[in-house]
Structures are given as C-alpha cells and as structure tokens.
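Listed here are the chains, written in short residue letters.
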Amino acid sequence: MKKKQLALFASGTGSNAVNFIHYFAQSELAEIALVLSNKADAPVLEKAAALGVPTVIISNAQAANGVYMVELMQKYGIDFIVLAGYLRFIPSELIAAFKGKMVNIHPSLLPKYGGPGMYGSKVHQAVVANKEKESGITIHYVNEEYDKGTIIYQKKTTVGAGESAATLAEKIHHLEHEHYPKVVEGLLTNI
Ligand code: GRF
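Residues numbered from 1 in each chain as written. Predicted model: local features only at pLDDT ≥ 70, side-chain atom pairs only at ≥ 80, totals over all residues. Heavy atoms only, no water.

Asks: Is there a simple way to explain the side chain of Gln 5 in this structure?
Replies: You can see Gln 5 is positioned in strand 1 (residues 4-9). Residue contacts for Gln 5: discarding those within four places in its chain leaves Glu 31, Ala 33, Tyr 76, Gly 77, Ile 78, Asp 79 and Phe 80. (Helix = DSSP H or I, 4+ residues; strand = E, 2+ residues; numbered from the N terminus. Contact = heavy atoms within 4.5 Å.)

Asks: Help me understand helix 6 (residues 121-129), please; the structure alone is not making it clear to me.
Replies: The α-helix winds at 3.6 residues per turn, so residues separated by three or four positions along the chain end up facing the same way. Listing the buried residues of helix 6 in full gives Val 123, His 124, Ala 126 and Val 127. The arc enclosing the buried residues of helix 6, seen along the axis, measures out at 160 degrees, which places them on a common side. Following helix 6 by one or two positions, Lys 131 adopts a phi angle in the positive range, close to 55 degrees. (Buried < 20%, exposed > 50% of the residue type's maximum accessible area, 1.4 Å probe, protein only. Arc of directions from axis to C-beta.)

Asks: Would you take a moment to explain the site of the ligand for this structure?
Replies: The environment of the ligand is formed by Thr 13, Gly 14, Ser 15, Asn 16, Gly 85, Ile 105, His 106, Pro 107, His 173 and Glu 176. Contact distances for the ligand include 2.8 Å between an oxygen atom and a backbone N or O atom of Gly 14. Measuring from a nitrogen atom of the ligand, one finds a backbone N or O atom of Ile 105 at 3.0 Å. Relative to its unbound accessible area of 370 Å², the ligand is 85% covered by the protein chains. The cavity that encloses the ligand is the largest pocket. Residue assignment for the shell around the ligand shows that the elements contributing at least two residues are helix 1 (15-23), strand 5 (102-106) and helix 7 (165-188). (Near = heavy atom within 4 Å. Polar contact = N/O pair within 3.5 Å; in protein donor to acceptor, adjacent residues only side chain to side chain. Areas by Shrake-Rupley, 256 points an atom, 1.4 Å probe, with all protein chains shown as cover. 1 Å grid on protein atoms, 1.4 Å probe; cavity = no way out; pocket = protein on both sides within 12 Å on 5 of 7 lines; lining within 4 Å. Sits in = over half its atoms within 2 Å of the grid points.)

Asks: Got a minute to help me understand the sheet that holds strand 1 in this structure?
Replies: Strand pairs in the sheet, formed through backbone hydrogen bonds, run parallel or antiparallel to each other. Strand order in the open sheet made by the seven strands is 3-2-1-4-5-6-7, with mixed pairing throughout. Whereas interior strands pair on both sides, the edge strands pair on one side only; in this sheet they are strand 3 (55-57) and strand 7 (151-158). Strand-to-strand twist across the sheet, computed as the mean angle between neighbouring axes with direction ignored, equals 20 degrees. Examined bridge by bridge, strand 6 (residues 134-141) and strand 7 share seven bridges and lie antiparallel to one another. Its bridge partner lying in strand 7, Glu 134 is registered against Thr 158. Sitting on the sheet, helix 4 (residues 66-75) touches strand 1, strand 2 (30-37), strand 3 and strand 4 (80-83), and the angle it makes with strand 2 is about 145 degrees. (Pairing = 2+ DSSP bridges. Axes fitted to C-alpha atoms, helices over the stretch in contact; angles between N-to-C directions.)

Put into structure tokens, the structure is as follows:
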C-alpha cells in the first residue's frame, strides 16, 4: 500500500514537527512529504531540511490564497495536513479540500482559552493568571472558525500552585509530543 503523504504546517520552533518526522521515520503507514511555513526564518525549516524533509516557504498572500494552497498540496500529493504551531488563517478552499483530513493542536482544554489571539505563551499566561487547577491539550479537526472544529482528543495535566507559564508550557509540550503523532496515526488508518 502506498504510504499516506503528510504535510506539516508550522510557523515557529517546530518541536512538534520534528517529533512527527522522527515518529513517522520508520512508518509503513505514512511519511512526512512536506514541511510548510509562512515564515522564512522559522527554525522549523532548517530542522526539517536537516532531517531530509522537503520544505516550502510561502508568503502571507499565498497562505491566504485557497486555490494556490490546494494546488500546492496536489503538487506534493498530500493526503493529510497537520498544523503544528501554524499561525496563519486557513483559506476556505483548503478547508473544504481537506475536510476530515486536517487537524490542529491547541495547548489548552478547548473551548477554554481558545479563539483569536489565544496562542503560545498567551494561553499559559491566562491559565496561570486565572488560577486554573488543570490545563491540557486539544487535538481537533480544522474548520472555518479558529479552534472550534470537532474535538478528536484531549489530555489533561494539573496546574500546580507554584506553576509559571513557562513550566506549564513545558508540561504541555511534553503531552503534545507524546500524543499528537499517535492520534494522527490513528486517524490515518481511516482515510
Ligand atoms: C504548540 O504548543 C501547539 O499547541 C501550538 O503551537 C505550539 C507549537 O510549538 N499550536 P512547536 O513549534 O511545535 O514547538
């Protein structure tokens, strides 16, 4: 059987993207066909290239152009898109073309601490400031509204009394690395 072709979209550090590359390196089911970024200086690009994965940089105008994005995915034969710290709006044509085949991870227990402006350390700062007792990760399908697609998987962690946004971020990253590729692998068996 032909391996499923995965595209990873990332705008930043790319620890999740690198984790995916390692996780699927020996997989019979899928391979990482592409790492895409809208930021030319995103560290994820160098890391992916060093691991032998093709990379593509797109402009913000291209990122917003649904027809362009769908054609780009076709060019690389992409079957499934994984967003991992990708900070651009996804155009509706791409969402439609990858309905049920595009997922995102959010570093909170959605619907809490989601929506526009809630990303990265802002999420953890808000969780700590509100003295939440728990936080976690949410993996969800991507639809037209930020962080509102159908939830596929959530995993909780405790927020300790002395927790800072930085220590919480570390805990959350750990959870993401442990669960995100496994959850996607499960989804790939059904597409
Ligand atoms: C992750 O925390 C993820 O939840 C969010 O963006 C962050 C990306 O981190 N969507 P990294 O670049 O993979 O380290």
